[in-house]
Each structure stands twice: as C-alpha cells, then as structure tokens.
There are 2 protein chains.
Amino acid sequence: MVDITRQPGRLRPAPENFLSEEQVRAVAAGRRDFLRRSLLAAGATLTVPMAARASEGDSNILQNPEWTTTLGQPVATRPYGLPSKFESNVIRRESPGLARVGGASVSFTPLQSMFGIITPSGLHFERHHQGWHDIDPARHRLMVNGSDDSLLKKPKVYTMDDLMRLPSVSRIHFVECGANTGLEWGNVAVPTVQYTHGMLSCSEFSGVPLKVLLEDCGVDYKRGRYVLAEGADGSSMTRTIPMEMVENGEVMVAWGQNGEMLRPENGYPLRLVVPGVQGVSWVKWLRRIEVGDKPYATKDEAVHYIDLLPSGLHRQYSSIQECKSVIATPSGGQTLLAKGFYNVSGLAWSGRGKIKQVDVSADGGINWRTARLEGPVQNKALTRFNIDWVWDGKPAILQSRAIDETGYVQPTYGQLRAVRGTKSIYHNNAIQSWKIVESGEVSNVQVL
Amino acid sequence: MVDITRQPGRLRPAPENFLSEEQVRAVAAGRRDFLRRSLLAAGATLTVPMAARASEGDSNILQNPEWTTTLGQPVATRPYGLPSKFESNVIRRESPGLARVGGASVSFTPLQSMFGIITPSGLHFERHHQGWHDIDPARHRLMVNGSDDSLLKKPKVYTMDDLMRLPSVSRIHFVECGANTGLEWGNVAVPTVQYTHGMLSCSEFSGVPLKVLLEDCGVDYKRGRYVLAEGADGSSMTRTIPMEMVENGEVMVAWGQNGEMLRPENGYPLRLVVPGVQGVSWVKWLRRIEVGDKPYATKDEAVHYIDLLPSGLHRQYSSIQECKSVIATPSGGQTLLAKGFYNVSGLAWSGRGKIKQVDVSADGGINWRTARLEGPVQNKALTRFNIDWVWDGKPAILQSRAIDETGYVQPTYGQLRAVRGTKSIYHNNAIQSWKIVESGEVSNVQVL
C-alpha cells in the first residue's frame, strides 16, 4: 500500500476521489515508464503531417519557447488587466468621413472578432451627440418628477448612493442603434461587418427597475402613461418611453455593465436600459425622469429617428428593434485561405423576445439549413449561432435568416423595400449577404 | 391634422407606433406648455427633503455642471475603452506577504464592487506558478497525443488557426481556485470579501469541446479513461482530468473570454475549461493534451492541492468545487452609514450544477429568509442573489447559505470541521459570516 504523504495508515478515497488504491499503486510504480513513453510519443508525432501553413514556430518545435523557460510577470502587474498586445487590431472604429464632428458620430464594435454573446465593455459601440464625459458620480443626480403634481406625488432627487441601495436586478440585453446597417438602404456596401452591423452590443446590465423609483415617488399609473428620459450630456438627449414598458419591470435605471460600473462612453454613472428598443432611447448619463400624460415629441423622436415611407409620410416613434441576424464570420473583408471545413458563426436578436431559430444559406437564399443556437437563449439579448460548412472552392453567397418567438421572419431586402420603400435611414433588419469568390475573398453584396 | 414633416397627406401610425393622430395634435399644440411646467416642477422638487448626506453638488444643482455645457470627447477617443477614472479603486489586489515570489502568487477579484454574474476580464483573479507571459499566438501549438499509440491513433499538432475553425461553443462558467477562502480554515479573518473569496470569477468562455479534438485524433474511449493537460508556462502545470468529464462535452479548449480572446493573465491564447472543477485543472497557456489509461499523479495533484484529514490521510484529486455562497455587500471593511433599507447582495455557485436556493440570515444563522435569485440560473456558473434588509442599528451577523440542485446544503464551519478536521488548506466552502456593530462597521467573523 502506498502513502504518498509518508504518514502511517491506509490511503482511503474521499467520495469524489476517483483513484482506487490499486490505481495509486500502479501510478507510483509505473510513473517513470509513463514519462519515458510520453517523450517518445511526442517525438513520434512530429512525423505526422503538420498544418498546411508552416510558420517559424514549427521548425524549432522541439525547443521550448522563451515563455516556457523564463520567469513571467508577477500577479497584479496590471491591477486592471488589458487584452494581449497581439490583439491590438481588435478595436472599435469610427467610419472615416461618416460624421463631420467626432462628438456627434459613431464608433463600431468589431463583430468579426467577437465570440459568444457578451460584448467586451472596451469594445462597446459608441453613439454620441455632443461627445462623452467622465462624470463625477458624487456630483451626479437623478431627478424624478411629474409634468404636473397629480401624476407624481413625491418628486425626488436621488444621489448614486441612494440608487445603489435599492433592490437591483441584473439582465443580459442587446442594445442596437436604430441606424445600424443604415447605409445599406442605399446599397453602399460598406466593406466589413464591423461597419455594416457594428452599432450592436450586448452586456449584463445591473440596476434598479424604473418602476421601483416611480412607485417610490408616488406615480399615478392611470393618467401617467408616458415617461420622458433626459440625459446630462451637452445634447441633453430626451426620449419618450411608453409606460407599458416600465410597468412590466423591464426598463431599468442601470449603473452596472458586465459586472462593473458603466463605462464613461456608455453613460457612466447611470443610463436607462429599455430592452428591445432602439439605442437612442437608452438615455446615457441619465439625469431626469418625468412622468407625463402625453407623448413628448422631442427633437430626437419628432424629426430624427423617423422613417420616410413610400406614401410620403413618416413613421415616428418606431421603437422596437425587429428580429435580425448577421453572419459575423466569414464576413466582408476576410479571406478564406483554403477549401474545407469552416464554422460559420453569427448573431441573432429580436426586440420582441427570444430568438426561436436561425437558418443559414450558402447559395444566396435558395437552400437553407438550420443552425445551432447557443443556449440558454435569452429574452431581448444576443443569441450566438454556429453551423458547419465545407467550402468547395466555388463561388458562394452566405446568408443568415432569423425567426423570433412571435413568428416574425427576418425579411430580404426585396421584402423590406416593398413595405418601407427606399428612403429610410433607420430600422434596417434585412438579411445580410456575404459573397465568396474562388480566391476566397469575402465581400458585402445585396441580394433582393 | 398635423404633419410634422410638412409633407402632404395624413399621418398614419405604423403598427408599432403608439401615437394616435389626436395625440400628435395634442403634443404639437401643447408642447410649450409642457416645457414651462416642467421647469416649474423641477424648481418645486428642490424643497423636497434631499438625501441625508449633502455634498458639493447639491448647492448648485440649478447650475448645469460642465459636462452639460461643453463639448465632450469624440467617439473612438479610446479604441479600446477603460473604466471611469472614478473607479480607480476597483482593482485586483495581491495580499501583501501571502507569497514570497510575485510570480507564484494570487491576485484577488474585488467582489465587493461587482454586480451581476459576469466578472470584468480586467478584474479576473490570477493564480500563477511561474508568472505570466503574453504568448505569441502564431507560435503557440497544441499537441494531442496518447500515452501509447493504441489510445490515440492520429496524434496531431494544432495551430490556433486550426483550432478556431472548428465547431465552437460558448458557455458561462465560474472558475474558483481550490485554495479560495483557504486562510479561513485557520480563522485568520482576512478583512474583506476580496481576500476571503476573491479567487473566484465567472466568464462566458468560447472554444471547442475537447471531445471534438480527441475524436478528430482517433481516441479509444474504452481504454483511454484519463486526460493529462499540460501548460506552456515555466511551471508546466499538469493535471489529470477524468475522461467522463470530457465525454459529456463540458470540458472545453477555450480561446474566448467574455466575447474577446482570453487575457494573457488568464491563459492567452488557449486554456482548458473544466466546469465545476477547481481552478488548477483549468490549465492556462495549454500546449498539450495526452490520453492515458491511468491517472498521472502529477506534482500538482499528488503533493499539492490535497487535504489532510483527521485520520492522518490525505484526500487527493479532490476535483469538484462544492456548493458555496457569500454575501458580497455588505461585507468586511465596509461601513453602513445609516439605519434603514439595504439590498443585501451576493453570489452562489456549485460545481455540481445549478443553484436551487439561497437563504440569508441576519442573526448568525438562527433565522433564515429565502433570497431572490437572478435568472436564468445557469449550470456551473455564478448565480447572483439579492434580498431586502432593513438595518435597525443594532448588532447583526449576516450569512448566506446555498443549496444546489443535488440537494447539497452549504455547511457551517462546525459541520465542515467535523468531517474535514482543522488541517486543510483547500476546499473551504463554509458559510461566511459578516458582523455588523452599532457604528455600522462590518467585519469578518467565524460562526461555528
């Protein structure tokens, strides 16, 4: 019997210990054999065909690299860590020339380089109207009032300390700018998925449900059917939120993003979270909530963020981001280096609830196969899909088409334009197509 | 009839447009009234009692702060964003004197400042044995071999490109060091939850299931019942993984952490993910996988990471992190500034599956109430719990107790020591107690 600790007595397995005494004995006796045979096996594998593309690492694979033979850096070298220097190309980008003023512009999330459904906070897209600030949380306030005294009986001004003591919730939600994919209305064919779909991110938001604050302030739900949300930045963004969304508990006054406080570019220390609704309503640097009995027709809902229809009329207050999907890789600007197996991967989302199904086509929408959805599928959050694909080297057009739990099917450009015409700027949720040619280059095309 | 766009014709609501024509008219007519009355209302609220603690922001609340009156910074000022400068205290920390060499040490996650279940990657805890490196992914390789040729017929060497083309999955899992809370065995009473429980983090990991690689290499599942995982850092960490865990598809060879590549401190570009199992088995900078027919009894499982039992024998290969929870706030080192309402918040987790229930006590374990669990509750991931509590200003002892889906109940120190004795270093999952005195100061105490 073997006692590795050199203490007297028999070694007895704990319930979760998967070794029997015999096995322990065998290991102790045979260990040197294992090591020797492992080294031989390692030598033998080197005659096995290696990856097609040789690189400088292969020729000296028997020599340990420097990270194996030297002492690395200590813990807490970086009290707040950063990505690898080899990932320096994975950044958010502004589209050059998109806007004249950098403070009233957009930076896009590099969806082609993302995995899963969580957007790293440092890569969350930005959309500002008068730039962003790093606001002092000790000086920031949230006022809650009514447009008249009967609609909200006990108006209050909250500090961050006041808010963060209240009962909080944490939920994973996507936020998409209403203008996401907007340039594709005009078939601009921007080159990469970062620019076609990158006004899209998904985080675990933490905060207090807005209804908790309204009830704390004595709201009259019967007559107070609209909420005005107002931001503290220079643009003082204001948007109307229908009270139905607040009453169901989904609207949050949030301070947390992926486990820590919001990022300054995303509204630190406080923003509104309006699940499923276009990003402009998710007012950043939130400073005021007003309860009213009529919609507010603010600048950013009366004359911006509206869609011009074929009839010549505008669609206003278009709130919900409809079911949508996109293949993130392979995507525009990438190149397939060889024929063979690829894991086609992308994202699907719906402002009306959960994604039910995603189908993928490799021939421009003639034949479809159903993709794997990564679970658990969550409400008004991104859903990751993956599907096996073997590229035979011939031209192909990859597409994804999502269906949400209401039964809504993501439309083609042909279907969408038939209803919306061609003069929209916002709310483009059409099926995205990526063309692959024989050289392996992938580009953005439109298929009706 | 009103047409805000000055186009001819009637404004007709789109399906999701919640305005009626009457409402649009009312808004257009009444808007100036609203603005005027809102400002008056804002003035009126300032006579409402404010938060107990005055601060410099209150006296000039009618003056707009500088972030409201100036142009902020443009988009993509930071292509990779960082937290607010006001959050500079939220960092991972090494415990001074814990280890003699910073490369063989720990840095702890500041759980007291976290929300939800996702750990921001920059705050993920570290545990290194010979420091960390930022490995060049183009030079990194993963070898998969068998301890003899019959156990794995087609050994291979994979590049990162090879691996990242394979079918991938994304799952949220906690990782906890086996030594987490270890110092509390000896009732050291380290002062804060960062130090008592901070070797704990949770991320969305993305990668390829290990079984896909093993099957790609022709594994013999009948005789190959153990996997050896080996890392590329100077310590060449090696651990045995039982094949049952690999066969069920849960073990992943991962490159993704919260939507982007792993962080260098957490194993970039490749690590093993072994859900529910202690962190040491999640080999970082993974370079080799070997299939064998006996356990390996490596240094880090034969003589380290073992528990000395009262009988004088050691418990080895203790793999599964048992059900555990902790209140993250209020917690040691914090101070309650006033009586009244608090949202008591914490985390629960189990290496055996999902958390079923968390109870909270305010009197050291005599009376318990069931807390709210944030959903969806996920398998072998952190679960966030919250419960309302009103502090009456008197001494109190806060505790949380988790139950997992197997029915296992988190033990008290008394219950745990009765089985494990007092000489353990690892696998401390006892109930944590936080004492609150009349001054509001919160400290770490042990209750048997």
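Throughout this description, residue numbers start from 1 for each chain and increase along the sequence as written. Written order determines the labels here, with chains lettered from A and ligands numbered from 1. Only residues with pLDDT of at least 70 are given local features in this predicted model, and only at 80 or more are side-chain atom pairs given and counted; all residues enter the totals for whole chains, interfaces and linings. Hydrogens and water molecules were not included; the side-chain quantities draw on all heavy atoms of the structure.

1. Observations regarding the UniProt feature "domain: Oxidoreductase molybdopterin-binding" (unreviewed entry) in chain A
Logical step 1: UniProt positions are given in the numbering used here, feature names are shortened, and annotations may be inferred rather than shown by experiment. With numbering aligned to this structure, UniProt lists the feature "domain: Oxidoreductase molybdopterin-binding" (unreviewed entry) at residues 131-296 of chain A.
Logical step 2: The span residues 131-296 of chain A is 13% helical and 33% strand by assignment, and the distance between its end C-alpha atoms comes to 24 Å. Think of it this way: any DSSP run of H or I at least four residues long counts as a helix, any run of E at least two long counts as a strand, and we number them from the N terminus.

2. Notes on the environment of A:Leu213
Residues and elements named next belong to chain A.
Logical step 1: Within the element layout of this structure, Leu213 appears in helix H6 (residues 210-216).
Logical step 2: In sequence terms Leu213 and His140 are 73 residues apart; their C-alpha atoms lie 17 Å from each other.
Logical step 3: Setting aside residues no more than four positions away along its own chain, Leu213 makes contact with Leu142, Tyr158, Leu163, Leu166, Val208 and Val253. Throughout, a contact is declared for two residues whenever any of their heavy atoms are within 4.5 Å.

3. Some words on the sheet that holds strand S23 (residues 433-436) of chain A
All names here are of chain A.
Logical step 1: A pair of strands is considered paired only if DSSP assigns at least 2 bridges between the two. Taken in spatial order, the 5 strands line up as S19-S18-S22-S23-S24 in an open sheet, and their pairing is antiparallel. At either end of the open sheet lies a strand with only one pairing partner, and these are strand S19 (369-370) and strand S24 (442-445).
Logical step 2: In this structure, strand S18 (residues 355-361) lies alongside strand S22 (residues 396-404), joined through 6 bridges in antiparallel fashion. Bridge assignment links Val358 to a residue of S22, and that residue is Ala402.

4. Concerning the layout of surface pockets
Logical step 1: For the largest pocket, the calculated volume is near 1,400 Å³.
Logical step 2: Every residue lining the largest pocket is counted, 44 residues in all, and those nearest its centre are A:Gln112, A:Thr329, A:Gln334, B:Asp161 and B:Met164.
Logical step 3: Mapped onto the lining of the largest pocket, the elements with two or more residues apiece are helix H5 (193-197), strand S17 (340-349) and strand S21 (383-391) of chain A together with helix H4 (160-164) of chain B.
Logical step 4: Its residues placed into classes, the lining of the largest pocket shows 20 nonpolar, 17 polar and 7 charged.
Logical step 5: One number sums up the size of the second largest pocket: a volume of about 1,200 Å³.
Logical step 6: A:Asp161, A:Met164, B:Gln112, B:Thr329 and B:Gln334 are, among the 37 residues lining the second largest pocket, the residues nearest its centre.
Logical step 7: Listing elements by their share of the lining of the second largest pocket, those giving two or more residues are helix H4 (160-164) of chain A together with helix H5 (193-197), strand S17 (340-349) and strand S21 (383-391) of chain B.
Logical step 8: Here the residues of the lining of the second largest pocket are counted per class, giving 16 nonpolar, 15 polar and 6 charged. Buried and open spaces are told apart on a 1 Å grid over the protein atoms alone, a cavity being a set of points where a 1.4 Å probe fits but cannot get out and a pocket being an open set with protein on both sides within 12 Å along at least five of seven lines. Residues with an atom within 4 Å of a point are the lining residues. Grid points are joined across faces, edges and corners, and a volume is the space filled by probe spheres set on the points. By the convention adopted, Pro, Cys, Tyr, Trp, Phe, Met, Ile, Leu, Val and Ala count as nonpolar, Lys, Arg, Asp and Glu as charged, and the other residues, Gly among them, as polar.

5. Points about the nonpolar core
Logical step 1: Definition used in this section: a nonpolar core is a set of buried Ala, Val, Leu, Ile, Met, Phe, Trp, Tyr and Cys residues joined via side-chain atoms within 4.5 Å. Under the scheme applied here, a residue whose accessible area is under 20% of the maximum for its type counts as buried, over 50% as exposed, and between as partly exposed, the area being computed with a 1.4 Å probe on protein chains only. Core analysis: the largest hydrophobic core is formed by 66 residues, its most contacted members being A:Leu382, A:Trp389, A:Ile436, B:Leu382, B:Trp389 and B:Ile436.
Logical step 2: A:Leu382 has contacts with A:Ile117, A:Phe174, A:Leu200, A:Cys202, A:Leu347, A:Ala348 and A:Trp349, leaving out every residue within four places of it along the chain.

6. A few points about the side chain of A:Gln399
All names here are of chain A.
Logical step 1: Its location among the elements puts Gln399 in strand S22.
Logical step 2: In this structure the side chain of Gln399 is engaged in a polar contact, spanning 3.2 Å, whose partner is the backbone nitrogen of Gly365.
Logical step 3: With residues near it in sequence (within four places) discarded, Gln399 still touches Ile327, Asp359, Val360, Ser361, Gly364, Gly365, Trp368, Ile431, Gln432, Ser433 and Val447. Counting of polar contacts relies on pairs of N or O atoms within 3.5 Å, with two restrictions inside protein: one atom must be capable of donating a hydrogen and the other of accepting it, and residues adjacent in sequence are counted only when both atoms are side-chain atoms.

7. Digging into the UniProt feature "domain: Moybdenum cofactor oxidoreductase dimerisation" (unreviewed entry) in chain A
Logical step 1: When the UniProt feature table is mapped to this numbering, "domain: Moybdenum cofactor oxidoreductase dimerisation" (unreviewed entry) covers residues 323-432 of chain A.
Logical step 2: Secondary structure over residues 323-432 of chain A splits into 7% helix and 41% strand, and the C-alpha atoms at its two ends are 13 Å apart.

8. Structural notes on the state of the cysteines
Logical step 1: Any cysteine sulfur atom paired with another within 2.5 Å is treated as part of a disulfide. Summed over the entire model, instances satisfying the criterion amount to 0 disulfides over all chains.
Logical step 2: A disulfide-free cysteine, A:Cys202 has its sulfur positioned 15 Å from the sulfur of B:Cys202, the nearest such atom.

9. A short note on the packing of aromatic side chains
Aromatic ring pairs are reported here in terms of the distance separating the ring centres and the angle at which the planes meet.
Logical step 1: The aromatic pairing rule takes the rings of Phe, Tyr and Trp, using the six-membered ring of Trp, and pairs them if the centres are within 6.5 Å, calling planes under 30 degrees apart stacked, those over 60 edge-to-face and the rest tilted. As enumerated under the stated definition, the model contains 6 aromatic pairs over all chains in all.
Logical step 2: Here the aromatic rings of A:Phe108 and A:Tyr195 are separated by 5.3 Å at their centres, their planes lie at 80 degrees, and the arrangement is edge-to-face. One end of the pair, A:Phe108, is in strand S2 (residues 106-108); the other, A:Tyr195, is in helix H5, with 87 residues separating them in the sequence.
Logical step 3: Under the relative-accessibility criterion, A:Phe108 is labelled buried at 4%.
Logical step 4: Of the residues examined, A:Tyr195 reaches a relative accessible area of 18% and is grouped as buried.
Logical step 5: Centre to centre, the rings of B:Tyr342 and B:Trp389 are 6.4 Å apart; their planes meet at 40 degrees, and the pair counts as tilted. Placement of B:Tyr342 in strand S17 and of B:Trp389 in strand S21 is noted, with a sequence separation of 47 residues between them. Note on accessibility: B:Tyr342 and B:Trp389 belong to one class, buried.
Logical step 6: Remark: a charge is flagged as sitting over a ring if the NZ atom of Lys or the CZ atom of Arg is within 6 Å of the ring centre and within 35 degrees of the ring normal. The aromatic ring of B:Tyr342 is capped on one face by A:Arg165, whose charged end is 4.1 Å from the ring centroid.
Logical step 7: Lying over the aromatic face of B:Trp368, B:Arg401 brings its terminal NZ or CZ to 4.1 Å of the ring centre.

10. Here's the deal with the side chain of A:Ser105
Logical step 1: Tracing the sequence through the fold places A:Ser105 in the loop between strand S1 (93-94) and S2.
Logical step 2: Assessed through its relative accessible area of 1%, A:Ser105 is described here as buried.
Logical step 3: Only 2.7 Å separates the side chain of A:Ser105 from the side chain of A:Glu94, close enough to count as a polar contact.
Logical step 4: Setting aside its immediate chain neighbours within four residues, A:Ser105 contacts A:Glu94, A:Ala99, A:Glu126, A:Arg127, A:His128 and B:Val75.

11. Quick notes on unusual backbone geometry
In terms of backbone geometry, most residues other than glycine have negative phi values and most peptide bonds are trans.
Logical step 1: Going from B:Thr329 to B:Pro330, the amide bond is cis rather than trans, its omega being 0 degrees.
Logical step 2: On the secondary structure map, B:Pro330 appears in the loop between strand S16 (324-329) and S17.
Logical step 3: Cis geometry is found at the peptide bond from B:Gly375 to B:Pro376, where omega equals 0 degrees.
Logical step 4: Not every positive phi belongs to a glycine, and A:Asn258 is a case in point at roughly 50 degrees.

12. Observations concerning the pairing of strand S6 (residues 169-176) of chain A
Residue and element names in this part refer to chain A.
Logical step 1: Along S6, 7 of the 8 residues are buried, which leaves the element largely enclosed by surrounding structure.
Logical step 2: The pairing of S6 with strand S7 (residues 200-209) spans 8 bridges and is classified as antiparallel. Its bridge partner lying in S7, Ile172 is registered against Glu204.

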